[in-house]
Amino acid sequence: MLEVKNLKVHLDTASGIVKAVDGVSFHVKAGETVGIVGESGSGKSVLAHSLMQLNPVPPATYPQGEIIFENRNLLDLKEKELRKIRGNEIAMIFQDPMSSLNPVFKIGNQLMEAIRTHQSMSRQNAEEKALELLKDVGIPDPKSRLNDYPHQFSGGMRQRVLIAIALACQPKLLIADEPTTALDVTIQAQILELMKDIQKKYGTAIIIITHDLGVVAQLADRVLVMYSGRIVEEGITGDIFYHTSMPYTWSLLRSLPRLDSDIHQRLKSIQGQPPNLVDPPKGCNFSPRCPFVTEQCLEVDPSLVDRGNGHRAACILSESEYEERKHEIQDIEREGVEQ
Ligand SMILES: Nc1ncnc2c1ncn2[C@@H]1O[C@H](COP(=O)(O)OP(=O)(O)OP(=O)(O)O)[C@@H](O)[C@H]1O
Ligand SMILES: [Mg+2]
């Protein structure tokens, strides 16, 4: 349904050209959930916005690549054609549910406007549809809530409303950029459950963007790991978690708390800072921070290598070298703890 080919997005800033998305290729099949993970600043939001052509131009330019959505290259479409696709075929929800709703209009009016912008429908039918959507996203007593203003809703309920607005036209693809980051953990879990239910009911494909690997584990069929504007590992969720093949992903996973691990085991943060995207390092972008680094990594910029089953990783180490290095590091750490 969606195929992104070798996409580059540059941002022209006072300090130089930021290569926010630097040659990214991936696809999303109908009805599938794809997770995009990576540290802050890795280019996740710029990539998501480029799928709907929402990056402001300038500073954004698209020097290379294609975004093929149902046989059309979105980079070739005019604003008028794009407007038809946004909301109708591809919808997006954002991190902060308050700033995405208009504080001076009632929830019901905002929902009905979303419905009627894309479908010609009487006011009464739009109201019925709005009620049905609010029910679908789990808002209790939806009839009376239609007349409320956004500030009368809690953060979790606002996010539910935004999901309802996004679903108003039954999009084929829903892009969710950190949809649960602003919410507390229990509400976060409810919103994730809701997204799963919605996918079952409507068959919507979902791209979920997050820096939280736990969210991805719950929701995604496949995962793309981003680092400094590139995809550095890609695969089905199980392979990313249990057959990690790229040191950056391994480091990300180790920075997560786990219930089944020894309580004396400390969380391992990733040392150093993400690279400057104006002037990235020579060789592998992750090499200055990589615990597996070899001399060759400082020279060779690794491309994604196929590891079978759609699993790809950008690392010059072979599978056996990678495993060997991983065990060495773990042994050194274990000795450190024992001493
Ligand atoms: N409007 C802008 N002008 C200049 N630079 C920008 C702009 N928007 C983003 N960037 C830069 O582009 C890079 C990618 O940013 P992006 O927002 O995509 O990161 P992200 O992965 O979504 O991070 P986060 O997890 O914090 O949301 C960063 O280096 C950021 O500083
Ligand atoms: Mg972001």
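Rules used in this analysis
Residues numbered from 1 in each chain as written. Chains lettered and ligands numbered in written order. Predicted model: local features only at pLDDT ≥ 70, side-chain atom pairs only at ≥ 80, totals over all residues. Heavy atoms only, no water. Near = heavy atom within 4 Å. Polar contact = N/O pair within 3.5 Å; in protein donor to acceptor, adjacent residues only side chain to side chain. Areas by Shrake-Rupley, 256 points an atom, 1.4 Å probe, with all protein chains shown as cover. Helix = DSSP H or I, 4+ residues; strand = E, 2+ residues; numbered from the N terminus. Buried < 20%, exposed > 50% of the residue type's maximum accessible area, 1.4 Å probe, protein only. Pairing = 2+ DSSP bridges. Contact = heavy atoms within 4.5 Å. Axes fitted to C-alpha atoms, helices over the stretch in contact; angles between N-to-C directions. Parallel < 35°, antiparallel > 145°, perpendicular 65-115°, else oblique. Left-handed = near helix turned anticlockwise from the far one by under 90°. Nonpolar A, V, L, I, M, F, W, Y, C, P; charged D, E, K, R; others polar. Expected span 1.5 Å × (residues − 1). Domains from an automatic or database assignment.

Around ligand 1 there are 14 residues in total, and Ser 40, Gly 41, Lys 44, Ser 45 and Val 46 lie nearest to it. Separating an oxygen atom of ligand 1 from a backbone N or O atom of Gly 41 is a distance of 2.8 Å. Within the side chain of Ser 45, one N or O atom sits 2.8 Å away from an oxygen atom of ligand 1. Isolated, ligand 1 exposes 640 Å² of accessible area, and the fraction of that covered by the protein chains is 62%. Sorting elements by how many residues they give to the shell around ligand 1 places helix 1 (residues 44-51) first, with three residues.

The omega torsion of the bond from Val 57 to Pro 58 falls at -15 degrees, within 30 degrees of zero and hence cis. Along the polypeptide, Pro 58 turns up in the loop between helix 1 and strand 4 (60-69). Positioned with a positive phi, Asn 6 is a non-glycine residue whose angle comes to about 50 degrees. Considering the arrangement of structural elements, one finds Asn 6 in strand 1 (residues 2-13). Even without being a glycine, Ser 228 presents a positive backbone phi close to 40 degrees. You can see Ser 228 is positioned in the loop between strand 9 (222-227) and strand 10 (230-236). With relative accessibility at 5%, the residue Ser 228 sits in the buried group.

So, on to the sheet that holds strand 4. In spatial order, the strands read 2-1-4-5; together these four strands make up an open sheet with antiparallel pairing. Because the sheet does not close on itself, it has two edges, and the strands there are strand 2 (16-28) and strand 5 (72-73). With seven bridges connecting them, strand 1 and strand 4 associate as antiparallel partners. If you follow His 10 over to strand 4, its bridge partner there is Thr 61. Here helix 1 sits on the sheet and contacts strand 1, strand 2 and strand 4; the angle it forms with strand 1, its principal contact strand, is near 115 degrees.

At a minimum axis separation of 8 Å, helix 3 (residues 107-118) and helix 6 (residues 155-167) run at an interaxial angle of 20 degrees. Between helix 3 and helix 6, the angle is such that the two are roughly parallel. As for how helix 3 packs across helix 6, the hand of that crossing is right-handed. Contacts between helix 3 and helix 6 pair Ile 107, Gln 110, Leu 111 and Ala 114 from the former with Val 161, Ala 164 and Ile 165 from the latter. Here the residues of the contact of helix 3 with helix 6 are counted per class, giving six nonpolar, one polar and no charged.

Taking burial as the measure, the five residues of strand 3 (residues 33-37) include five buried ones, the bulk of the element. Residues Thr 33, Gly 35 and Val 37 of strand 3 are buried on one face, and the alternating residues Val 34 and Ile 36, pointing to the opposite face, are buried as well. One ladder, built from four bridges, connects strand 3 with strand 9; its direction is parallel. Residue pairing across strands places Gly 35 opposite Val 223, the latter belonging to strand 9.

For helix 3, which comprises 12 residues, the first-to-last C-alpha distance of 18 Å matches the rise-based estimate of 16 Å (1.5 Å per residue) to within 8%. Considered for burial, the residues of helix 3 that qualify are Ile 107, Gly 108, Gln 110, Leu 111, Met 112, Ala 114 and Ile 115. Those residues of helix 3 that are buried are in contact with helix 4 (123-136), helix 5 (142-145) and helix 6.

When cut into domains, the protein gives domain 1 (100-168) and domain 2 (246-338). The distance between the C-alpha centroids of domain 1 and domain 2 comes to 45 Å.

Quick look at the sheet that holds strand 3 now. Pairing is mixed across the open sheet formed by eight strands, whose spatial order is 6-7-8-3-9-10-12-11. Taken across any chain shown, the strands that pair with only one partner, and hence form the sheet edges, are strand 6 (90-93) and strand 11 (305-306). In terms of strand pairing, strand 3 meets strand 8 (residues 205-210) through five bridges, oriented parallel. Residue Thr 33 lies in a different strand from strand 8, and its bridge partner there is Ile 206.

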